[in-house]
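An overview of the molecular structure
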Amino acid sequence: MIKQDFLLNNETAKDLYETVKALPIIDYHNHLSAKDVAENKRFLDVYELWIAPDPYKHRAMRMCGVPEKYITGEGTAEEKFAAWCETLPKLALNPLSHWSYMELQTIFGWEKPVNGENAKELYAYCNDCLQKKPLTVEKMMDIFGVEYACPCASLVDDTSVFDGKRFAPSLRGDDIVAPNREFIEKLERFTGWEITSLDALKRAICIRLDAYADCGCRFSDHALDNGFVFYEDDGKNAKRFTALRKGNISAEDKAKFISYMLVFLGEEYTKRNFVMQLHIGAERYTSSKLRAKVGPAGGFAGIGNSVNVSALTKFLDTIDNTPSGLPKTVLFTLNPADNALISVLSGSYAKDGAAGLITQGPAWWWCDHKQGILEMFENASVFSAFSNFVGMTTDSRSFLSFVRHDYFRRVLCDWLGEKWEKGELLCAKEEVTALAKKLCYENAKSAVTL
């Protein structure tokens, strides 16, 4: 059972939490199914809701020796559910243990332990709840208090599934910077523009960016994975695009073309007031066997080396020196060793009148837990202007992951409360409360309404 004062270890923390716990949620980057959102899907089986879309849980089961049959294989929903229940007691202090109990308690009111012995009882209980009280996407949004959520979408996805109010796309731009033939053909169909040159590609991209802006998009995202290198434009990228279309481009030329396109998109994001998110440092190529079996997002990626700071800063500087300048940029680091480096960059670029032009994003992926969140707080507060922090987002494929906003708020309130009670926060308690509200909701709200 998650107690009322879970993670709240001082009286100031408890007071702060009472102020922020019911604030609306702005979840500006996630991987929820746009199809499920558009159809307002109703969930009838707890496995489909709780376990199937969550590669964090799949990863933990593999670590505990569960056969793939009972993770993503041919096992029945009830068998896979039981396998997860048997795994959960083995994850003491892992954030998955905390999140899982919070998810069950919030949606189903379940307050007993979860294990292999009561898996059958829990499965029947949850499914009975789903039968008696219909649980749709909209209903879950209401339960969690979600005001605005941004599922990732490709530039060549159908934007009509988004209402532009409660749901808007977060543009995933990785296929834009390295377009394959399928992407180009889809882009041609959407825009009616024949794409035979680099200039034609850029014009078509701008048409779709305008369509995204019209449906409420305010956030873009690019993965700068482990080994990212930035190349300055050498004037040869029109030829590289021709080679890319034919499928005979070298790895180095492809990297140079990606650099060129990242700068182009940065300029276009600025023109449209999109916030550019850069997710830095994932090592996505680990087990080739798992990738072949369950796909590239199966929960087995790792943390890469420390970021190539020369490449990152040259990339940002190149956009900064364009006529449009840098868009508001959020830097997510997967390697904890990069926290200070990333936080310091918030003061390395500036635009008149723009507070928080560069900010560090929330602790991300494998760092999205109490330890990782606190490390991010400590670095951002001393190396940056912490009041500019844009706040939490789930980056998750599971609708139940909105519970992580509550987890984040508890960790934040405990940290701020401890700092204030120790006399390290030299301000009135009312100012600490105001800061907590900014970091939990108001800064993200401001980013949405830029």
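So, here is what we can say about the structure in this document. Quantities reported herein were computed from a predicted structural model and do not represent experimental measurements.

What about the overall build of the protein?
Within the protein, the regular secondary structure consists of 19 helices and 11 strands. The C-alpha radius of gyration computed for the protein amounts to 22 Å, which stays within 12% of the reference 22 Å derived for 450 residues, consistent with globular compactness. Along the longest, intermediate and shortest principal axes, the C-alpha atoms of the protein span 65 × 60 × 40 Å. Expressed as a percentage of the 450 residues in the protein, the buried residues total 55%.

Thoughts on the environment of Ser401
With respect to the element layout, Ser401 can be found in the loop between helix H17 (370-383) and helix H18 (403-421). According to the relative accessible area criterion, Ser401 is buried, its value standing at 0%. Between the C-alpha atoms of Ser401 and Leu425, which are 24 residues apart in sequence, the distance is 31 Å. Contacts of Ser401, omitting those with residues within four sequence positions, involve Glu103, Thr394 and Ser396.

Concerning a nonpolar patch on the surface
Taken together, the side chains of Val344, Val382 and Phe383 present a nonpolar region at the surface, about 270 Å² in accessible area. Tracing the sequence through the fold places Phe383 in helix H17.

Things to note about the side chain of Ser398
Note that Ser398 resides in the loop between H17 and H18. With a relative accessible area of 2%, Ser398 lands in the buried category. Filtering out sequence-adjacent residues up to four positions away, Ser398 remains in contact with Leu32, Leu49, Pro53 and Asp54.

Overview of H17
The end-to-end C-alpha separation of H17 is 20 Å, in line with the 20 Å expected for 14 residues at 1.5 Å each. Residues of H17 that are buried: Gly372, Ile373, Met376, Phe377, Asn379 and Ala380. The elements touched by buried residues of H17 are helix H16 (339-344), strand S11 (358-360) and H18.

A few points about the packing of aromatic side chains
In this description, a pair of aromatic rings is defined by centroid distance and the angle of the planes. Overall, the coordinates contain 23 aromatic pairs when judged by the stated rule. An angle of 65° between the planes, with centres 5.9 Å apart, marks the rings of Phe43 and Phe399 as edge-to-face. In this pair, Phe43 sits in strand S2 (residues 42-43) while Phe399 sits in the loop between H17 and H18, placing the two residues 356 residues apart along the sequence. Overall, the relative accessible area of 4% leaves Phe399 in the buried class. Chaining the aromatic ring pairs together yields one cluster made of Tyr56, Trp99, Phe332, Trp364, Trp365, Trp366 and Tyr407.

Quick look at unusual backbone geometry
Positive phi, normally seen in glycine, also occurs at Leu7, with a value near 70°. A residue is classified by how much of its surface remains accessible, and Leu7, at 11% relative accessible area, is buried. Even without a glycine there, the phi angle at Trp365 is positive, about 60°. Take Trp365: it is sitting in the loop between S11 and H17.

Section: the side chain of His222
Mapped onto the secondary structure, His222 falls in strand S6 (residues 219-224). Reaching out from His222, the side chain makes a polar contact with the side chain of Tyr269 at a distance of 2.8 Å. For His222, the residues in contact, after removing those within four places along its chain, are Gly173, Asp174, Val177, Leu262, Leu265, Tyr269, Gln277, Leu278 and His279.

Observations concerning the pairing of strand S7 (residues 275-280)
Counted residue by residue, S7 has 6 buried out of 6 residues, so it is predominantly covered. Where burial is concerned, the two faces of S7 agree: the one with Val275, Gln277 and His279 and the one with Met276, Leu278 and Ile280 are both buried. Across 5 bridges, S7 lies against strand S10 (residues 329-333) in parallel orientation. Across the sheet, residue His279 finds its bridge partner in S10, namely Phe332.

Parameters at a glance
- Residues numbered from 1 in each chain as written.
- Predicted model: local features only at pLDDT ≥ 70, side-chain atom pairs only at ≥ 80, totals over all residues.
- Heavy atoms only, no water.
- Helix = DSSP H or I, 4+ residues; strand = E, 2+ residues; numbered from the N terminus.
- Rg over C-alpha atoms; globule rule 2.2 N^0.38 Å.
- Buried < 20%, exposed > 50% of the residue type's maximum accessible area, 1.4 Å probe, protein only.
- Contact = heavy atoms within 4.5 Å.
- Patch = residues over 30% accessible without salt bridge, like charges linked within 9 Å, V, L, I, M, F, W, Y side chains within 5 Å.
- Areas by Shrake-Rupley, 256 points an atom, 1.4 Å probe, with all protein chains shown as cover.
- Salt bridge = Lys/Arg side-chain N within 4 Å of Asp/Glu carboxyl O.
- Expected span 1.5 Å × (residues − 1).
- Phe/Tyr/Trp six-rings, centres within 6.5 Å; stacked < 30°, edge-to-face > 60°.
- Polar contact = N/O pair within 3.5 Å; in protein donor to acceptor, adjacent residues only side chain to side chain.
- Pairing = 2+ DSSP bridges.

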